[in-house]
Amino acid sequence: MHRPMKITRLTTFIVPPRWCFLKIETDEGITGWGEPVLEGRAHTVAAAVDELADYLVGKDPRHIEDHWTVLYRGGFYRGGGVHMSALAGIDQALWDIKGKALGVPVSELLGGNVRSRIKVYSWIGGDRPSETAAAAQAAVARGFTAVKMNGTEEMQYVDSYDKVERCLQNVAAVREAVGPNVGIGVDFHGRVHRPMAKVLVKELEPYKLMFIEEPVLSEHEEALKEIARISSTPIALGERLYSRWDFKRVLQGGYADIIQPDPSHAGGITETRKIASMAEAYDVALALHCPLGPIALAANLQLDAVCYNAFIQEQSLGIHYNQANDLMDYVSNPGVFAYQDGMVAIPTGPGLGIEVNEDYVRERAQEGHRWRNPVWRHRDGSFAEW
């Protein structure tokens, strides 16, 4: 039996551009890092981490499954974005500690790798056809074999055909720019309501897309069911679902071909692994959501290493949100994210496989951030989904 290790402190850092990092310390000097954040609610999630810390301090960090169970089930009210994101960052850090204590990557503790690298896609915008097409060409020139773009701007429940036409022109320009064999994901971002989603899904078929993401908000199961029936394009969703119980209905209903849980929102490595296994049982693919920082990306890659149905990984290197800071700024070993031929290597170092530059994290946390997503309105003054 190994002697008990104890958690001594949990510290959160709100860092630009819109992230929250968590450091968990132990009495043996081993520290773990996680990324508990819900974009636009970073301070709220940090407060939830602080509340959950009351239970964790003094406990052995290696009992990950038990800690997850207590932190989830021990609150009478449970689930949702804030709670599950706080739990996600804690879970990532606990896995990081366990891997470091044993000197192996997290993927080794989860059964060992089924792959050594995974395909990645680059986000290319989507609001202006010429700019989006140029960004797509640039991404392909850098080696990417897949890109993702926004499909449309704000759209009313029932809107005029010029909005549809603009979306089609945009996608057509990208398809023409990259040729027939580069994957194109088109993200409706939940901006589109059922009446227009049916029109767009049908009209986009000629462009042979890799997937359509969040054609409507995930709570509209009846609409998703109808869209899944009429679409020959794979439907992807899941960044706003937070647990096995949220995904259960989607999988049972057959509404999605690709699920996109975010391991910084959906309960961390422990829960996302279970969600991925559920999806595999339904022959559904996995494309983890990750427009976040380097700790989140490292956690995603440890999951990609062990989840057979993972086929592509989102990553936010150079994304438009990352103006003040980008991913590599916060790590001492940026070479660990080795991009080549449109793929990224799975980190092989202990724990999550990254070395966080704590001095720089502390320096940037003094500036912090209060990132908020934009609030859009339709021409009639009513709120528009972003």
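Quick notes on the rules
- Residues numbered from 1 in each chain as written.
- Predicted model: local features only at pLDDT ≥ 70, side-chain atom pairs only at ≥ 80, totals over all residues.
- Heavy atoms only, no water.
- Pairing = 2+ DSSP bridges.
- Helix = DSSP H or I, 4+ residues; strand = E, 2+ residues; numbered from the N terminus.
- Axes fitted to C-alpha atoms, helices over the stretch in contact; angles between N-to-C directions.
- Buried < 20%, exposed > 50% of the residue type's maximum accessible area, 1.4 Å probe, protein only.
- Disulfide = S-S within 2.5 Å.
- Polar contact = N/O pair within 3.5 Å; in protein donor to acceptor, adjacent residues only side chain to side chain.
- Contact = heavy atoms within 4.5 Å.
- Salt bridge = Lys/Arg side-chain N within 4 Å of Asp/Glu carboxyl O.

Asks: For the sheet that holds strand β2 (residues 19–26), give the residues involved together with the corresponding values.
Replies: Two orientations exist for strands paired in a sheet by backbone hydrogen bonds: parallel and antiparallel. Here we have three strands laid out as an open sheet, ordered β1-β2-β3, and antiparallel in their pairing. For this open sheet the edge positions go to β1 (7–15) and β3 (32–34), each flanked by a neighbour on one side alone. For this sheet, the mean inter-axis angle between neighbouring strands, taken without regard to orientation, is 20°. For β1 and β2, the ladder comprises eight bridges, and the chain directions are antiparallel.

Asks: Outline the pairing of β2, supporting the account with residue identities and numerical values.
Replies: Among the eight residues in β2, eight count as buried, and that is most of the element. Residues Trp19, Phe21, Lys23 and Glu25 line one face of β2 and the alternating positions Cys20, Leu22, Ile24 and Thr26 line the opposite face, and both faces are buried. Linking two consecutive strands that pair antiparallel, namely β1 and β2, is a turn of three residues. Judged from the three bridges that link them, β2 and β3 form a sheet pairing that is antiparallel. When the sheet's bridge partners are listed, Lys23 is paired in β3 with Trp33.

Asks: Which residues make up unusual backbone geometry, and what values go with them?
Replies: A cis amide bond, omega 10°, links Pro16 with the succeeding residue Pro17. At Glu214, a residue that is not glycine, the phi angle is positive and equals roughly 40°. Inspection of the secondary structure assignment puts Glu214 in the loop between β7 (211–213) and α8 (221–230). Since its relative accessible area comes to 1%, Glu214 is described here as buried.

Asks: Which residues make up the state of the cysteines, and what are the values?
Replies: Applying the stated criterion to the full structure yields zero disulfides. Cys290 supplies the cysteine sulfur nearest to Cys20, a cysteine that is in no disulfide, at a spacing of 15 Å. Taking relative accessible area as the criterion, Cys20 reaches 0% and is therefore assigned buried. Unpaired in this structure, Cys290 has its nearest cysteine sulfur neighbour in Cys307, at a distance of 14 Å.

Asks: Which residues make up the pairing of strand β6 (residues 183–187), and what values do they have?
Replies: Extensive coverage of β6 is indicated by the burial of five of its five residues. Across the two faces of β6 the burial is the same, with Gly183, Gly185 and Asp187 and Ile184 and Val186 all buried. The sheet contact formed by strand β5 (residues 146–150) and β6 spans five bridges and is parallel. Looking at β6, one finds that Asn150 is bridged to Asp187.

Asks: Describe the side chain of Thr26, naming the residues involved and giving the relevant values.
Replies: On the secondary structure map, Thr26 appears in strand β2. Overall, Thr26 belongs to the buried group, its relative accessible area being 8%. A polar side-chain atom of Thr26 sits 2.8 Å from the main-chain carbonyl oxygen of Ile30. Residues within four places of Thr26 in sequence aside, it is in contact with Met5, Lys6, Ile7, Thr8, Pro61 and Ile97.

Asks: Describe in detail the pattern of salt bridges, supporting the description with residues and values.
Replies: Under the defined criterion, the tally for this structure stands at 19 salt bridges. Linking Glu213 and Lys148 is a salt bridge whose minimum nitrogen-to-oxygen distance equals 2.7 Å. Here Glu213 is found in strand β7, whereas its partner Lys148 is found in strand β5, with 65 residues between them in sequence. When sorted by exposure, Glu213 lands in the same class as Lys148, which is buried. Among the salt bridges present, the one from Glu271 reaches Arg244, with a minimum N-O distance of 2.8 Å. Here Glu271, found in helix α10 (residues 268–281), pairs with Arg244, found in helix α9 (residues 244–253); they are 27 residues apart in sequence, far enough to count as distant. Glu271 gets classed as buried once you look at its relative accessible area, which sits at 0%. Through salt bridges that share partners, Lys148, Asp187, Glu213 and Glu314 make up one connected network.

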